[in-house]
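These are the residues of each chain, in order.
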Amino acid sequence: MKPRAWLQILHHTPMGRSNGGSKRATAVASAFCATLVMMLAEVSAKRFVVGGNMGWTSDVNYTLWAEYQTFYLGDWLFFVYDRNQDDVIEVNKANYESCNAKHPIHNYTTGAGRDVVALNVTHDRYFISSKRSCHGGMRLQVHLTPIPQPAPLPQPVHLAPLPPPPVYLAPKPQPPRAAPSRSYSSRFTVLKSQLLIPFFVTIAAIWDSLLLPCLM
(Lines give C-alpha, C1' and ligand atoms only; values in the text may rest on other atoms or scores of the structure.)
Protein backbone atom coordinates (compact mmCIF):
# COMPACT_ATOMS: atom_id res chain seq x y z
CA MET A 1 0.00 0.00 0.00
CA LYS A 2 1.26 3.44 -0.90
CA PRO A 3 2.16 5.92 1.86
CA ARG A 4 -0.56 8.30 0.63
CA ALA A 5 -3.17 5.61 1.24
CA TRP A 6 -1.91 5.15 4.79
CA LEU A 7 -2.13 8.90 5.36
CA GLN A 8 -5.74 8.84 4.18
CA ILE A 9 -6.48 6.01 6.61
CA LEU A 10 -4.91 7.99 9.44
CA HIS A 11 -6.86 11.08 8.44
CA HIS A 12 -10.26 9.36 8.32
CA THR A 13 -9.79 7.06 11.31
CA PRO A 14 -12.04 8.27 14.17
CA MET A 15 -9.98 9.23 17.17
CA GLY A 16 -12.49 8.68 19.93
CA ARG A 17 -11.89 8.90 23.61
CA SER A 18 -12.57 5.23 24.19
CA ASN A 19 -9.81 2.68 24.67
CA GLY A 20 -10.89 0.89 21.50
CA GLY A 21 -10.37 4.00 19.40
CA SER A 22 -6.94 4.58 20.93
CA LYS A 23 -5.86 1.01 20.29
CA ARG A 24 -7.10 1.17 16.71
CA ALA A 25 -5.23 4.40 16.10
CA THR A 26 -2.06 2.91 17.62
CA ALA A 27 -2.33 -0.16 15.41
CA VAL A 28 -2.78 1.95 12.28
CA ALA A 29 0.19 4.13 13.19
CA SER A 30 2.37 1.07 13.85
CA ALA A 31 1.41 -0.45 10.51
CA PHE A 32 2.19 2.83 8.80
CA CYS A 33 5.65 2.99 10.38
CA ALA A 34 6.36 -0.64 9.46
CA THR A 35 5.38 0.07 5.86
CA LEU A 36 7.72 3.04 5.72
CA VAL A 37 10.59 0.95 7.09
CA MET A 38 9.98 -1.74 4.47
CA MET A 39 9.83 0.85 1.70
CA LEU A 40 13.10 2.43 2.81
CA ALA A 41 14.76 -0.98 2.94
CA GLU A 42 13.59 -1.77 -0.57
CA VAL A 43 14.87 1.56 -1.84
CA SER A 44 18.34 1.05 -0.35
CA ALA A 45 18.67 -2.66 -1.34
CA LYS A 46 19.55 -3.79 -4.85
CA ARG A 47 18.37 -6.85 -6.78
CA PHE A 48 20.92 -8.68 -8.92
CA VAL A 49 19.78 -10.91 -11.77
CA VAL A 50 22.38 -13.66 -11.59
CA GLY A 51 24.21 -13.84 -14.92
CA GLY A 52 22.56 -10.69 -16.24
CA ASN A 53 20.75 -11.32 -19.52
CA MET A 54 22.02 -14.91 -19.66
CA GLY A 55 20.41 -15.86 -16.36
CA TRP A 56 21.28 -19.02 -14.39
CA THR A 57 22.41 -21.48 -17.06
CA SER A 58 25.41 -23.35 -18.39
CA ASP A 59 28.25 -21.90 -20.45
CA VAL A 60 28.39 -18.73 -18.31
CA ASN A 61 31.42 -17.73 -16.20
CA TYR A 62 29.70 -16.61 -12.99
CA THR A 63 33.03 -16.04 -11.25
CA LEU A 64 33.86 -13.39 -13.82
CA TRP A 65 30.33 -11.95 -13.61
CA ALA A 66 30.55 -11.64 -9.81
CA GLU A 67 33.86 -9.78 -10.04
CA TYR A 68 32.06 -6.88 -11.72
CA GLN A 69 29.34 -6.69 -9.05
CA THR A 70 29.37 -5.14 -5.60
CA PHE A 71 27.15 -6.95 -3.11
CA TYR A 72 26.07 -5.35 0.16
CA LEU A 73 24.22 -6.72 3.13
CA GLY A 74 20.48 -6.52 2.39
CA ASP A 75 20.77 -7.01 -1.39
CA TRP A 76 18.95 -9.77 -3.31
CA LEU A 77 19.96 -12.44 -5.82
CA PHE A 78 17.41 -13.28 -8.49
CA PHE A 79 17.98 -16.65 -10.21
CA VAL A 80 16.20 -17.00 -13.55
CA TYR A 81 16.51 -20.44 -15.17
CA ASP A 82 14.76 -23.34 -16.86
CA ARG A 83 12.91 -25.07 -14.06
CA ASN A 84 13.04 -28.40 -15.87
CA GLN A 85 16.81 -28.47 -16.13
CA ASP A 86 18.37 -26.50 -13.23
CA ASP A 87 17.98 -25.63 -9.57
CA VAL A 88 19.58 -23.35 -6.92
CA ILE A 89 21.42 -25.05 -4.08
CA GLU A 90 23.45 -23.28 -1.37
CA VAL A 91 26.46 -25.23 -0.08
CA ASN A 92 29.57 -24.60 1.97
CA LYS A 93 32.94 -23.68 0.48
CA ALA A 94 34.27 -27.25 0.32
CA ASN A 95 31.18 -28.58 -1.47
CA TYR A 96 31.25 -25.53 -3.74
CA GLU A 97 34.76 -26.33 -4.89
CA SER A 98 33.93 -30.03 -5.41
CA CYS A 99 30.43 -29.42 -6.84
CA ASN A 100 28.92 -31.65 -4.17
CA ALA A 101 25.20 -31.06 -3.61
CA LYS A 102 24.59 -34.00 -1.26
CA HIS A 103 24.73 -31.87 1.89
CA PRO A 104 23.15 -28.54 0.97
CA ILE A 105 22.81 -25.65 3.40
CA HIS A 106 19.56 -24.65 1.73
CA ASN A 107 17.62 -25.53 -1.40
CA TYR A 108 16.07 -22.37 -2.86
CA THR A 109 14.39 -24.16 -5.74
CA THR A 110 10.68 -23.34 -5.79
CA GLY A 111 9.82 -25.04 -9.08
CA ALA A 112 8.98 -21.85 -10.94
CA GLY A 113 12.47 -21.10 -12.25
CA ARG A 114 12.35 -17.71 -10.52
CA ASP A 115 14.07 -17.95 -7.14
CA VAL A 116 15.08 -15.09 -4.84
CA VAL A 117 17.85 -15.25 -2.26
CA ALA A 118 18.29 -12.55 0.36
CA LEU A 119 21.86 -11.60 1.23
CA ASN A 120 21.10 -11.22 4.91
CA VAL A 121 24.33 -12.57 6.42
CA THR A 122 27.80 -11.08 6.26
CA HIS A 123 29.84 -14.18 5.36
CA ASP A 124 30.48 -15.44 1.82
CA ARG A 125 27.73 -17.45 0.14
CA TYR A 126 28.16 -20.36 -2.30
CA PHE A 127 25.55 -21.52 -4.84
CA ILE A 128 25.61 -24.37 -7.38
CA SER A 129 23.28 -26.24 -9.67
CA SER A 130 22.96 -29.92 -8.83
CA LYS A 131 21.46 -30.98 -12.15
CA ARG A 132 23.83 -29.69 -14.81
CA SER A 133 27.45 -28.72 -15.40
CA CYS A 134 28.63 -27.28 -12.09
CA HIS A 135 32.18 -28.20 -13.08
CA GLY A 136 31.70 -26.25 -16.27
CA GLY A 137 31.20 -23.02 -14.34
CA MET A 138 27.57 -23.08 -13.16
CA ARG A 139 28.39 -22.05 -9.62
CA LEU A 140 28.50 -18.71 -7.88
CA GLN A 141 30.43 -17.31 -4.94
CA VAL A 142 29.07 -14.10 -3.43
CA HIS A 143 31.34 -11.90 -1.34
CA LEU A 144 29.69 -9.12 0.60
CA THR A 145 31.36 -5.72 0.70
CA PRO A 146 31.07 -3.83 4.00
CA ILE A 147 28.55 -1.03 3.80
CA PRO A 148 30.48 2.25 3.45
CA GLN A 149 30.23 4.40 6.51
CA PRO A 150 28.97 7.94 6.07
CA ALA A 151 31.62 10.59 6.05
CA PRO A 152 32.14 12.17 9.46
CA LEU A 153 30.69 15.56 9.99
CA PRO A 154 33.23 18.36 9.81
CA GLN A 155 34.43 19.49 13.18
CA PRO A 156 33.41 23.00 14.13
CA VAL A 157 36.17 25.51 13.75
CA HIS A 158 36.84 27.31 16.98
CA LEU A 159 37.87 30.82 16.09
CA ALA A 160 39.72 32.98 18.55
CA PRO A 161 37.51 35.71 19.95
CA LEU A 162 37.89 39.03 18.25
CA PRO A 163 39.64 41.72 20.26
CA PRO A 164 37.39 44.43 21.58
CA PRO A 165 37.16 47.51 19.41
CA PRO A 166 39.59 50.26 20.38
CA VAL A 167 38.21 52.95 22.62
CA TYR A 168 38.94 56.42 21.35
CA LEU A 169 38.99 58.88 24.23
CA ALA A 170 38.23 62.49 23.53
CA PRO A 171 41.18 64.75 24.33
CA LYS A 172 40.96 66.40 27.68
CA PRO A 173 40.07 70.07 27.42
CA GLN A 174 42.97 72.31 28.25
CA PRO A 175 42.35 74.85 31.01
CA PRO A 176 42.06 78.39 29.65
CA ARG A 177 45.26 80.34 29.85
CA ALA A 178 45.15 83.43 32.02
CA ALA A 179 45.67 86.74 30.30
CA PRO A 180 49.12 88.16 30.99
CA SER A 181 49.11 90.33 34.03
CA ARG A 182 49.38 94.06 33.46
CA SER A 183 50.87 94.73 36.87
CA TYR A 184 54.35 94.87 35.38
CA SER A 185 53.46 97.48 32.77
CA SER A 186 51.50 99.57 35.21
CA ARG A 187 54.34 99.35 37.69
CA PHE A 188 56.73 100.47 34.96
CA THR A 189 54.49 103.42 34.15
CA VAL A 190 54.39 104.51 37.78
CA LEU A 191 58.14 104.11 38.08
CA LYS A 192 58.68 106.16 34.91
CA SER A 193 56.47 108.96 36.14
CA GLN A 194 58.26 108.96 39.46
CA LEU A 195 61.62 109.33 37.70
CA LEU A 196 60.61 111.87 35.06
CA ILE A 197 58.94 114.36 37.37
CA PRO A 198 62.06 114.92 39.53
CA PHE A 199 64.14 114.98 36.39
CA PHE A 200 62.13 117.81 34.89
CA VAL A 201 62.04 119.64 38.21
CA THR A 202 65.81 119.44 38.43
CA ILE A 203 66.22 120.69 34.87
CA ALA A 204 63.89 123.58 35.59
CA ALA A 205 65.84 124.50 38.70
CA ILE A 206 69.13 124.45 36.86
CA TRP A 207 67.63 126.51 34.05
CA ASP A 208 66.38 129.10 36.49
CA SER A 209 69.78 129.28 38.19
CA LEU A 210 71.48 129.93 34.87
CA LEU A 211 69.03 132.50 33.59
CA LEU A 212 68.60 134.63 36.71
CA PRO A 213 72.19 136.08 36.72
CA CYS A 214 71.88 137.00 33.10
CA LEU A 215 68.69 138.88 33.64
CA MET A 216 70.08 140.91 36.48
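All values derive from a computational prediction rather than experimental measurement.

Conventions adopted
- Residues numbered from 1 in each chain as written.
- Predicted model: local features only at pLDDT ≥ 70, side-chain atom pairs only at ≥ 80, totals over all residues.
- Heavy atoms only, no water.
- Phe/Tyr/Trp six-rings, centres within 6.5 Å; stacked < 30°, edge-to-face > 60°.
- Helix = DSSP H or I, 4+ residues; strand = E, 2+ residues; numbered from the N terminus.
- Buried < 20%, exposed > 50% of the residue type's maximum accessible area, 1.4 Å probe, protein only.
- Lys NZ or Arg CZ within 6 Å of the ring centre and 35° of its normal.
- Pairing = 2+ DSSP bridges.
- Axes fitted to C-alpha atoms, helices over the stretch in contact; angles between N-to-C directions.
- Lys, Arg positive; Asp, Glu negative; His and termini not counted.
- Salt bridge = Lys/Arg side-chain N within 4 Å of Asp/Glu carboxyl O.
- Polar contact = N/O pair within 3.5 Å; in protein donor to acceptor, adjacent residues only side chain to side chain.
- Contact = heavy atoms within 4.5 Å.

> Explain the packing of aromatic side chains to me, and be specific about the residues and the numbers.
For any pair of aromatic rings, geometry is given as the distance between the ring centres together with the angle between the planes. Scanning all chains against the criterion turns up seven aromatic pairs. Arranged with centres 5.6 Å apart and planes meeting at 55 degrees, the rings of Phe79 and Phe127 form a pair that is tilted. Separated by 48 residues along the polypeptide, Phe79 in strand 2 (residues 76–80) and Phe127 in strand 6 (residues 125–128) bring together distant segments of the chain. Relative accessible area serves as the criterion here: at 0%, Phe79 is assigned to the buried category. Among the residues examined, Phe127 registers a relative accessible area of 0% and is labelled buried. On the numbers, 6.2 Å between centres and 55 degrees between planes, the contact of Tyr108 with Phe127 is tilted. Placement of the pair is Tyr108 in the loop between strand 4 (106–107) and strand 5 (114–118) and Phe127 in strand 6, with a sequence separation of 19 residues. Residue Tyr108 is classed as buried on the basis of its relative accessible area, which comes to 18%. Above the ring of Tyr96, the side-chain terminus of Arg139 is found at 5.2 Å from the ring centroid.

> Please set out the sheet that holds strand 5 residue by residue, giving values where relevant.
If you walk across this open sheet you meet the three strands as 1-2-5, and the pairing is mixed. Edge positions in the sheet fall to strand 1 (47–49) and strand 5, since each of these pairs with one other strand and no more. Across this sheet, the average inter-strand angle for adjacent strands is 25 degrees, counted without regard to direction. By the bridge criterion, three bridges tie strand 1 to strand 2 in an arrangement that is parallel. The partner of Arg47 across the bridge, within strand 2, is Trp76.

> Which residues make up the side chain of Asp115, and what values do they have?
On the secondary structure map, Asp115 appears in strand 5. Arg114 provides the closest opposite charge to the buried, unpaired Asp115, separated from it by 8.4 Å. Of the polar contacts made by the side chain of Asp115, one reaches the side chain of Tyr81; its length is 2.3 Å. Polar side-chain contacts of Asp115 include one of 2.5 Å to the side chain of Thr110. Apart from residues lying up to four places away in sequence, Asp115 is in contact with Leu77, Phe78, Phe79, Tyr81, Val88, Tyr108, Thr109 and Thr110.

> Please provide a residue-by-residue account of the pattern of salt bridges, values included.
Summed over all chains, the structure comprises one salt bridge. A salt bridge links Arg125 to Glu90; the shortest N-O distance between them is 2.6 Å. Note that Arg125 is positioned in strand 6 and Glu90 in strand 3 (residues 89–91), a separation of 35 residues in sequence. When its relative accessible area of 5% is taken as the criterion, Glu90 is described as buried.

> Which residues make up the environment of Gln141, and what values go with them?
Positionally, Gln141 belongs in strand 7 (residues 139–142). Taking the C-alpha atoms as reference points, Gln141 and Glu67, 74 residues apart in sequence, are found 9.7 Å from one another. Ignoring any residue separated from it by four or fewer positions in sequence, one finds Gln141 in contact with Ala66, Tyr96, Asp124, Arg125 and Tyr126. Only 3.4 Å separates the side chain of Gln141 from the side chain of Asp124, close enough to count as a polar contact.

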